[in-house]
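If you want the building blocks of each chain, they are given just below.
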Amino acid sequence: MEIVYERCSGLDVHKKKVVVCSSTPDAAGQRLKETRTFRTTTQDLLHLLDWLKDKGCTHIAMESTGVYWKPIYNLLEGHFEVLIVNAQHIKAVPGRKTDVKDAGVNRSA
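Worth saying up front: this structure is predicted, and the values here are computed from it rather than measured.

Trainee: What exactly am I supposed to notice about the overall build of the chain here?
Mentor: Counting its regular elements, the chain contains three helices and five strands. Sequence-ordered secondary structure for the chain, helices as α and strands as β, is β-β-β-α-β-α-β-α. Classification of the 109 residues of the chain by burial places 34% in the buried group. Carbon together with sulfur atoms contributes 51% to the accessible area of the chain, which is approximately 6,900 Å² in total.

Trainee: Help me out: how do you make sense of the pattern of salt bridges in this one?
Mentor: Close approach of charged atoms allows side chains of opposite charge to pair. Applying the stated criterion to the full structure yields two salt bridges. Lys 55 is paired through a salt bridge with Glu 34; the nearest N and O atoms lie 2.4 Å apart. You can see Lys 55 sitting in helix H1 (residues 42–55) and its partner Glu 34 sitting in strand E3 (residues 31–39), a full 21 residues away along the chain. Given the relative accessible area of 26%, Glu 34 is considered partly exposed. Across the salt bridge formed by Asp 44 and Arg 39, the nearest N and O atoms sit 3.0 Å from each other. Asp 44 sits in the buried class, given a relative accessible area of 13%.

How each quantity is defined
Residues numbered from 1 in each chain as written. Predicted model: local features only at pLDDT ≥ 70, side-chain atom pairs only at ≥ 80, totals over all residues. Heavy atoms only, no water. Helix = DSSP H or I, 4+ residues; strand = E, 2+ residues; numbered from the N terminus. Buried < 20%, exposed > 50% of the residue type's maximum accessible area, 1.4 Å probe, protein only. Areas by Shrake-Rupley, 256 points an atom, 1.4 Å probe, with all protein chains shown as cover. Salt bridge = Lys/Arg side-chain N within 4 Å of Asp/Glu carboxyl O.

Purely spatial values, then, with no claim about function.
Written out as C-alpha cells, the structure is:
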C-alpha cells in the first residue's frame, strides 16, 4: 500500500543551502508543486519554517546524508512530522541528478 500525504515537502539539505519542494493541492484539487531554495542561516531557516507552515505542510522528508540535516530537523520537529530517509531507499530519479529533482522526488513511507 502506498501512503500519500496531502500536504508534504521534500528537502535536499546541503552545507550552505536547502532545496525544498512542496506538494499541495490547488483549488481544483490538482497537485501543485513549488520549489524554493533557502540558505542555511538562522534567518533563512526561520523563513523556511514559516513558508512550510503557510503551505499547510504536515509531513517533511529529508535525506540523512551528512550532518547538515540535524539543525534543520531540530527546527522543524515540533511543527511537522519529520521523516529522515535513507538516500538509498528513495526511488532513483532518471536523468541528470539535480538538487531540485532530489527535493521533489515522490517519497512514500
